Amino acid sequence: TDTKKGMVVLSTVNGQTVASAKTYVGSYRNDRCIYPYPRVLCIDGYDADLAEIEVDGNAFAAACIVNCDPWKSPGGAEGAQFLTGITGLENEDMTAGEMDALNAKGITPFAMITSLGGAILRKAVTTSLTSGLTKIRRRRTTDYLMDAIAERGQFYQERAFDGDFANQTLGPISGGYISEIGSFLANEQALGHIASYSVDGFAAATEEDLEAGRWTVDVRARTFSDMDEIVLAHSVGDSVTTS
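Here goes a summary of the coordinates provided. (Residues numbered from 1 in each chain as written. Predicted model: local features only at pLDDT ≥ 70, side-chain atom pairs only at ≥ 80, totals over all residues. Heavy atoms only, no water.)

**A closer look at the side chain of N91**
Point 1. Topologically, N91 is positioned in the loop between β6 (86–89) and α4 (96–104).
Point 2. At a separation of 3.0 Å, a polar atom in the side chain of N91 contacts the main-chain amide nitrogen of D93.
Point 3. In this structure, N91 is in contact with V18, Y37 and P38, ignoring residues within four places of it in sequence. (Helix = DSSP H or I, 4+ residues; strand = E, 2+ residues; numbered from the N terminus. Polar contact = N/O pair within 3.5 Å; in protein donor to acceptor, adjacent residues only side chain to side chain. Contact = heavy atoms within 4.5 Å.)

In C-alpha cells:
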C-alpha cells in the first residue's frame, strides 16, 4: 500500500472498552490513519420494521471526512451534517475526561450532541502522536496544497534551470514556476484556506543538486489552528461590571 497517499479509517473492534481502545490503537501510528470509537447505531433500511442495528462507524467517518473541504476539520459541527444517519452509539456512557483521554491516544471518538441533531467526530485526529501531525485537517490540507503545486510542476520538468545560484536570481523559466506557486498560495490565503505562506527557490537548494538536475523549492504554508475547546470565562450577576 502507498502510505503517502490518501487516508484510511480503521474498523472499530466490537465491544471494545475505552481502556482497550487506548491500547489497541498503538499498533496503528500514522498521520494518514484514523481510528473512530465506538461502533455506532443506525436504522436498518432493509428491515420492514426499520429496526435499529449496531454497525462499524468507519464508513460514516470516511464519508464525513471526504465531504468536508480539506482545509476544514471534519470534527464538531462542520461534519455533523454528514453523520445524521447515526442514531446512537455502542458506548454512550463516555465522560468528557474519557473522550479527552481517547483523543490524547490518537483516537477520534463519536459523540452524540443534541443541539446539533446527532453525532459528531470529537476533535478529529489521526492516530499519529507526533507533534503537528495529529489533526486530520492538517494532513488533508498538506496533501491538497502539495498535490496542486506538484501537478503544475510537471509542466516545468526537464526544462532548463535558468537561475543563477551564486547571485540567487531566477530566470523566466524557473521564476515562472515560483510565480505560479506564489499566485496559487496567494489565492488560497485570500480564500481563507491558509493564514500565510512563503516560497523560496534557493533556501533548500544546493548547487550540487542543481547540477545533478534536482531543484528543491522551499514551500511553507501556515494554517489556522482549530477551536477544539471554547472556554467561557463568565461573570453573571446583579453587581457585575461590564465594559
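More follows now that the structure is in view.
**As for the sheet that holds strand β8 (residues 118–121)**
Point 1. If you trace the three strands from one edge of the open sheet to the other, you get β3-β7-β8, paired in mixed fashion. Either end of the sheet is taken by a strand with one partner, and the two such strands are β3 (36–37) and β8.
Point 2. Alignment of β3 against strand β7 (residues 108–113), held across two bridges, turns out to be parallel. From the neighbouring strand, Y37 faces β7, where its bridge partner is P109.
Point 3. Across the sheet, α4 is in contact with β3 and β7; its angle to β7 comes to roughly 150°. (Pairing = 2+ DSSP bridges. Axes fitted to C-alpha atoms, helices over the stretch in contact; angles between N-to-C directions.)

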